[in-house]
Amino acid sequence: MSTTVSLVDELEQLERNAQAELGTLNDEAALEEWRVRVLGRKGTLATLLGGLGRLAADERPAAGQAANRVKTVLESAFGERQAQLRAAGRTQQLEAERIDVTLPARGYRRGQEHPITRIRREVEDVFKRLSFSVVEGPEVEWDHYNFTLLNIPPDHPARDIQDTFYVAGSDAEGPGGSRGVVLRTHTSPVQIRTMLAQRPPIRVIVPGKVYRNEATDASHEAMFTQVEGLCVDEHTTMGDLRGSLTFMIRSLFGQEREVRFRCGYFPFVEPGAEFDMSCHVCGGNGCRTCKQTGWIEIGGCGMVHPKVLEAVEIDPARYTGWAFGFGFERMALLKYGVDDIRLFYTNDLRFLKQFR
Ligand code: DAH
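Cut-off values and rules
- Residues numbered from 1 in each chain as written.
- Predicted model: local features only at pLDDT ≥ 70, side-chain atom pairs only at ≥ 80, totals over all residues.
- Heavy atoms only, no water.
- Pairing = 2+ DSSP bridges.
- Helix = DSSP H or I, 4+ residues; strand = E, 2+ residues; numbered from the N terminus.
- Contact = heavy atoms within 4.5 Å.
- Axes fitted to C-alpha atoms, helices over the stretch in contact; angles between N-to-C directions.
- Domains from an automatic or database assignment.
- Near = heavy atom within 4 Å.
- Polar contact = N/O pair within 3.5 Å; in protein donor to acceptor, adjacent residues only side chain to side chain.
- Areas by Shrake-Rupley, 256 points an atom, 1.4 Å probe, with all protein chains shown as cover.
- Nonpolar A, V, L, I, M, F, W, Y, C, P; charged D, E, K, R; others polar.

### Overview of the sheet that holds strand 9 (residues 320–327)
Then, number 1: Pairing in this open sheet of 7 strands is mixed, and the strands run 1-4-5-9-8-7-6 from one edge to the other. Each of the sheet's edge strands pairs with one partner strand only, and the pair in question is strand 1 (133–134) and strand 6 (259–263).
Then, number 2: Where strand 8 (residues 295–304) lies against strand 9, 5 bridges are found, and the strand directions are antiparallel. Within strand 9, the residue paired with Gly302 across the bridge is Ala323.
Then, number 3: Running over the sheet, helix 5 (residues 115–129) touches strand 1, strand 4 (202–211), strand 5 (223–233) and strand 9 and is turned about 165 degrees from strand 4.

Here it is in structure tokens:
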């Protein structure tokens, strides 16, 4: 057997083996190692080619041709495999970075009303149906309106019921030559402002923030929200007051609720009362919420004191008025079964989100 034949055989064997191996390589590093080992300067093919010189002159052309062909075949096989691997790599990357453009967009978070705002709206809605208007007044108020015109004269012991924050250094002259500015302790001064600005018939409710110099605990905050109601007209009575409050309580807590009045003292009403509702938890039988009494205290009310009407120049011989006031926080605590008033103002979303 001639040398040529065996060299050509060897070249063909190399072609088969190297090609087969190429098909098993799966990464660029293995591919490069193959290239150096097979096609490199000191690689298998080069070594075989080195044998050409030892062939007889007439055997060289055939062997040379075979060598060139194998070289071309292996080089293009290498290029193909490399392209294949790179394409696969890109596909893999695309796969990894795949995004589903058909997914619906992420929803944006909708806000919601604060529980106190919600109660406030509900109360406003009830009284709007009774043809009351909603009015507001300043939180920084003349002492004169917060106390004096409401029949709580300076140095009168009734002032002790509501300890307020006095605004320091504000000795500007107020209405009627009065002095003193306070953070209002109740929404009642807006009664005064309304009656000074408007003649009867008057029907207003006044929601808003109020302030008390008070130690904070589960049922007291230095700032809270109240609503004041005021009706002044000819012939309006305590029966209308009671009917209106009953309508409100039933709208908020259910048609089975009853309202009762207990004698109570507020300087700006005569007679004055505290109003309670029958317990919405036990229906009036007695439970923890109503402290076994069957009743829950809601707020204060009464017939507007003649002295208050006189102070705003409404004739108490011709007109009567009634008024009430209560806190939204207390109502929200009861309605939503919350046990600590401070939760309303710590802005903890885990708490607030429960009022959807
Ligand atoms: N202003 C009173 C308070 O904050 C509540 C109140 C009681 C308002 C009786 C009234 C009323 O209008 O008639 O404690």
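### Concerning the domain arrangement of the chain
Then, number 1: For the chain, the assigned domains read domain 1 (3–97) and domain 2 (115–355).
Then, number 2: Each of domain 1 and domain 2 was reduced to a C-alpha centroid, and the two centroids are 96 Å apart.

### Topic: the site of the ligand
Then, number 1: The immediate surroundings of the ligand are formed by 16 residues, with His186, Ser188, Arg212, Gln226 and Glu228 found nearest.
Then, number 2: The separation between a nitrogen atom of the ligand and a polar side-chain atom of Ser188 is 3.0 Å.
Then, number 3: Measuring from an oxygen atom of the ligand, one finds a side-chain N or O atom of Gln226 at 2.8 Å.
Then, number 4: Bound to the protein, the ligand loses 93% of the 350 Å² it would expose on its own.
Then, number 5: Listing elements by their share of the shell around the ligand, those giving two or more residues are strand 5, strand 8 and strand 9.
Then, number 6: Class assignment of the residues belonging to the shell around the ligand gives a composition of 6 nonpolar, 8 polar and 2 charged.

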